Amino acid sequence: TQQRITVIRGDGIGPDIIDSALKILEKVGCDFAYDFADAGLVALENHGELLPQATLDLIEKNKVTLKGPLTTPVGEGFTSINVSLRKKFQLYSNVRPVISFKGTKARYEDIDIVTIRENTEGMYSGLGQVVSEDGNEAEAMSKITRKGAERIVEFAYELARREGRKKVTAVHKANILKSTSGLFLKVAREVGERYPDIESAEMIVDNTCMQLVMNPHQFDVIVTTNLFGDIISDLCAGLVGGLGMAPGANIGQDCAIFEAVHGSAPDIAGKNLANPTSVILASVQMLEYLGMADKAEKIRNALKDVIESGDRTTRDLGGEHGTTDFTQAMLDRL
Ligand code: NAI
Ligand code: MG
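Residues numbered from 1 in each chain as written. Chains lettered and ligands numbered in written order. Predicted model: local features only at pLDDT ≥ 70, side-chain atom pairs only at ≥ 80, totals over all residues.

In the nomenclature of an unreviewed UniProt entry, the chain corresponds to Isocitrate dehydrogenase from the organism Fluctibacter corallii. In UniProt, the chain has this text filed under Sequence similarities (unreviewed entry): "Belongs to the isocitrate and isopropylmalate dehydrogenases family." (UniProt positions renumbered as here; feature names shortened; annotations may be inferred.)

Asker: Explain the overall build of the chain here, please?
Answerer: Assigned secondary structure in the chain consists of eleven helices and twelve strands. In terms of overall size, the chain behaves like a compact globule, its C-alpha atoms giving a radius of gyration of 20 Å where 334 residues would be expected to give roughly 20 Å. Along the first, second and third principal axes, the C-alpha atoms of the chain reach 55 × 50 × 45 Å. Every one of the 334 residues in the chain was classed for burial, and the buried ones make up 46%. (Helix = DSSP H or I, 4+ residues; strand = E, 2+ residues; numbered from the N terminus. Rg over C-alpha atoms; globule rule 2.2 N^0.38 Å. Buried ≥ 20, exposed ≤ 12 C-beta atoms within 10 Å, placed from the backbone.)

Asker: Just to check I follow, could you spell out the site of ligand 1 for this structure?
Answerer: Looking at ligand 1, there are 21 residues lining it, with Gly 244, His 262, Gly 263, Ala 265 and Asn 275 nearest. Here the residues of the shell around ligand 1 sort into nine nonpolar, nine polar and three charged. (Near = placed C-beta within 6 Å. Nonpolar A, V, L, I, M, F, W, Y, C, P; charged D, E, K, R; others polar.)

Asker: Would you explain the environment of Val 64 in this entry?
Answerer: Here Val 64 is to be found in strand 3 (residues 64–67). Beyond its immediate stretch of four places on either side in the chain, Val 64 contacts Ile 5, Ala 256, Met 286 and Leu 290. (Contact = placed C-beta atoms within 7 Å.)

Asker: Which parts of the structure should I look at to understand the packing of helix 7 (residues 205–214) against helix 8 (residues 226–239)?
Answerer: The description of two helices packed together rests on the angle between their axes and the distance between the axes. Their axes nearest at 10 Å, the elements helix 7 and helix 8 cross at an angle of 5°. Between helix 7 and helix 8, the angle falls in the class roughly parallel. Where helix 7 approaches helix 8, its residues Val 205, Thr 208, Cys 209 and Leu 212 are matched on the opposing element by Phe 228, Ile 232, Leu 235, Cys 236 and Leu 239. Split by residue class, the contact of helix 7 with helix 8 holds eight nonpolar, one polar and no charged. (Axes fitted to C-alpha atoms, helices over the stretch in contact; angles between N-to-C directions. Parallel < 35°, antiparallel > 145°, perpendicular 65-115°, else oblique.)

Asker: Sorry, what's going on with the domain arrangement of the chain here?
Answerer: It is common to give the size of an interface as the accessible area lost on bringing the parts into contact. Each assigned domain of the chain is listed here: domain 1 (1–91 + 243–334) and domain 2 (112–239). If you look at the interface, domain 1 gives ten residues, while domain 2 gives five residues. Across the side of domain 1 that touches domain 2, the residue classes break down as six nonpolar, two polar and two charged. (Domains from an automatic or database assignment.)

Asker: I keep staring at unusual backbone geometry and nothing clicks. Help me out?
Answerer: Note on backbone geometry: most residues besides glycine have negative phi, and most peptide bonds are trans. The backbone of Lys 63 sits at a positive phi, close to 70°, despite the residue not being glycine. Structurally, Lys 63 can be placed in the loop between helix 3 (53–62) and strand 3. With phi around 55°, Arg 312 is a residue other than glycine that occupies positive phi space.

Asker: How do you make sense of the nonpolar core when you look at a structure like this?
Answerer: Taken as a class, soluble globular proteins show a tendency for nonpolar side chains to be buried jointly. By size, the foremost hydrophobic cluster in this structure holds 87 residues, and its most contacted members are Ala 21, Val 153, Ala 156, Ala 188 and Val 223. Top element by residues in this core is helix 9 (residues 277–289). It accounts for seven residues. Split by domain, this core shows at least three residues from each of two domains, domain 1 (1–91 + 243–334) and domain 2 (112–239). Non-local contacts of Val 153, meaning those with residues more than four positions away in its chain, are made with Ala 170, Val 187, Ala 188, Val 191 and Val 223. (Core = buried A, V, L, I, M, F, W, Y, C linked by C-beta atoms within 7 Å.)

What follows is the structure, given as structure tokens:
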């Protein structure tokens, strides 16, 4: 049966980069049926809420979603849509790969690192949020469970095996955050012992940031808790030329949302300037998830060729072209 995919084009540069990815998927012969759904500012304007029930229903029904960035309005009462989606559908792993291309602003050649970020617990648990009446004291609770830690670390080792990767580094701060990060590290060690074919390493998060900048080639797969993963994955994006290069997959038991790591980029929205690479690579992750590795490989190769030859690349990559020209360069190769 035909695969149905929910598509949320999103806000700002979202529609431009999503349309680019859809054209490329069509060109490599993907015969998907798309259900378009609104979320974010567009949904607030059209339906009076940021995340309409109809959108949630489509995400649930089709199980696979391709999503553009969403603007979360600043102010009281607006919780992040992305955080809500991850919680609602229990998308416990956030998979953020980065690869470097030659001739771009990448700081190093041959970078190939995947950060696996736990997506539902830790400092993002939303528990125990208290601000004192006078506003001078604030608290929030970080929660780690054995179940949550175990499934994310297992996910990291399984991904390493599947992708032929050699090493998993558990990143933590167990020396200071003895209870929460301590439990995460303890579970990570236990799980690592079950994968003797993969090298296991562990590193404290602050040192990890320094090591990533100084000597990134020592890393292969990184697995870590929610907040550390958020920060480290942006650092990794910076190593390969910026957020325009960074895709992310939110994967749960039977539901997945593929997206760019960056936001709606209001400063360049509507100007045909956005680099669609992030969402193109997110659709590559989606094809791999759906077992269509050959098509994923074709797109990745075309992308490498366009970017490394500098044929019609966008400004953030040092080129002079827009989203549509970049997309056409991809289509010409495919
Ligand atoms: P941003 O990621 O939208 O932009 C940061 C900088 O990166 C800007 O200079 C932008 O022009 C540039 N940039 C981002 N993507 C690019 C691309 N594909 N090509 C070229 N340049 C690109 O972050 P910002 O400005 O902090 O947030 C804007 C809005 O996005 C906010 O409303 C925020 O809540 C939302 N946001 C949404 C996310 C999501 O839906 N996953 C993630 C992060 C932010
Ligand atoms: Mg982030």
